[in-house]
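Inside the fold
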Amino acid sequence: MQTVKSKVYRWSREEVAQSEKLRALIRPHLRAILTRAYSSISPTPLSDIPDDLYQRQLRKFEYILAGDYSDDYFAEQASIGREIAAQTDFVSYLHGYALYASGMAAKLSEGLRFSSKLQRETLTRLLMSGVFADVAVAMSQYFDANAEELQKANAAAEATRQARVEETTTVATALDAGLQRLSEGDFGVRLSQSFPSEYEGLRQAFNATAEKLEQTVQKLVERSAALQAGAKQLSDAAGTLAK
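Predicted model, so just to flag it, every value in this text is computed and none were measured.

On to the packing of aromatic side chains, then. Per the counting criterion, the structure on display carries 6 aromatic pairs. With centroids separated by 5.2 Å and ring planes inclined at 85°, the aromatic side chains of Tyr97 and Tyr100 adopt a geometry described as edge-to-face. Highlighted residues: Tyr97 and Tyr100, both in helix α6 (residues 90-111), separated by 3 residues, approximately one helical turn. Aromatic ring contacts, followed pair by pair, group Tyr63, Tyr69, Tyr73 and Phe74 into a single cluster.

Mapped onto the fold, Arg23 is located in helix α2 (residues 13-26). A polar side-chain atom of Arg23 sits 2.7 Å from a polar atom in the side chain of Ser19. Those residues within four positions of Arg23 in sequence are excluded, and the remaining contacts are Val16, Phe61, Glu62, Leu65 and Ala66.

With that settled, the discussion passes to the packing of α2 against helix α7 (residues 117-183). Where α2 contacts α7, the two axes come as close as 10 Å, and the packing angle between them is 85°. On the basis of the axis angle, α2 is roughly perpendicular to α7. On α7, the residues touching Glu15, Gln18, Ser19, Lys21, Leu22 and Ile26 of α2 are Gln119, Thr122, Leu123, Arg125, Leu126 and Leu127.

In this structure, Ile26, Tyr100 and Met104 are the most contacted members of the largest nonpolar core, which totals 40 residues. The set of elements that each furnish at least two residues to this core consists of α2, α3 (30-39), α4 (51-64), α5 (71-87), α6 and α7. Not counting residues up to four positions away in its chain, the partners in contact with Ile26 are Ile33, Phe61, Leu65, Met104, Leu108 and Leu127. Listed in part, the 9 residues of the second largest apolar core include Val171, Leu175, Leu182 and Phe206.

Turning to the packing of α4 against α6, a few remarks are in order. Close contact between α4 and α6 brings their axes to 14 Å; oriented N to C, the two are set at 60°. Our classification of the angle between α4 and α6 gives oblique. Taken as a pair, α4 and α6 cross one another with a handedness that is right-handed. Here Lys60, Phe61 and Ile64 of α4 come into contact with α6, specifically with Tyr97, Tyr100 and Met104. Each residue belonging to the contact of α4 with α6 can be placed in one class, and the counts come to 5 nonpolar, no polar and 1 charged.

Our focus in this paragraph is the pattern of salt bridges. All told, the structure shown has 16 salt bridges when counted by the stated rule. Put simply, Arg31 and Asp48 hold a salt bridge, and the shortest N to O gap is 2.9 Å. Here Arg31, found in helix α3, pairs with Asp48, found in the loop between α3 and α4; they are 17 residues apart in sequence, far enough to count as distant. For Arg31, a relative accessible area of 23% corresponds to the partly exposed category. Note that Asp134 and Lys60 form a salt bridge whose closest N and O atoms lie 2.9 Å from each other. Highlighted residues: Asp134 in helix α7 and Lys60 in helix α4, separated in sequence by 74 residues. Residue Asp134 is classed as buried on the basis of its relative accessible area of 0%.

Reading guide: rules and limits
- Residues numbered from 1 in each chain as written.
- Predicted model: local features only at pLDDT ≥ 70, side-chain atom pairs only at ≥ 80, totals over all residues.
- Heavy atoms only, no water.
- Phe/Tyr/Trp six-rings, centres within 6.5 Å; stacked < 30°, edge-to-face > 60°.
- Helix = DSSP H or I, 4+ residues; strand = E, 2+ residues; numbered from the N terminus.
- Polar contact = N/O pair within 3.5 Å; in protein donor to acceptor, adjacent residues only side chain to side chain.
- Contact = heavy atoms within 4.5 Å.
- Axes fitted to C-alpha atoms, helices over the stretch in contact; angles between N-to-C directions.
- Parallel < 35°, antiparallel > 145°, perpendicular 65-115°, else oblique.
- Core = buried A, V, L, I, M, F, W, Y, C linked by side-chain atoms within 4.5 Å.
- Buried < 20%, exposed > 50% of the residue type's maximum accessible area, 1.4 Å probe, protein only.
- Left-handed = near helix turned anticlockwise from the far one by under 90°.
- Nonpolar A, V, L, I, M, F, W, Y, C, P; charged D, E, K, R; others polar.
- Salt bridge = Lys/Arg side-chain N within 4 Å of Asp/Glu carboxyl O.

Here it is, written out as structure tokens:
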């Protein structure tokens, strides 16, 4: 599948030349336009945007309104997009971008009010081309980031599931071995290795049961020995009387 980077429309030399006037008409108003757009996604209204942010947005502005979709543009957009995504959701981001795009369109319209119809149509088309290409790139990067986060979440969930399977297998194996030894008459068997916290009660119950069985068997053995000793005494006494 082709990526947005490979599909984005590249401007012709003529269009790039015409874009110089487009940028010249909008550039003086860019900071105010950006401040309005960023205020829409900021918790508090902004009177201005930081200089470093403005310089980065200015570079992006020069890229998209000259049809320059180079690696530098994609890197700049990715950096800006990550910061915006950390501040707001995608719907709010698009609302802010609508203010950005409409602000540029309004200033372009003001600057071209005395221009020919052909020039108005040409520069408006170039503005829309740059804006929609930038939105497409921003959406692609946003969804890629979401997909990456989803992939990480799925991997973490699978790791957790696998760990629980391994824990359950370990518990089942230990219990099976302990029960096998009990069935063979080894009542001294104990499960000494701790189980995961949710299974620890099973281990303690097994050990308690095994201990009770061992005590019960020991008492039976002792009683059996006593009975045997008593029977011997009676047998011996009977033999003595018979003499």
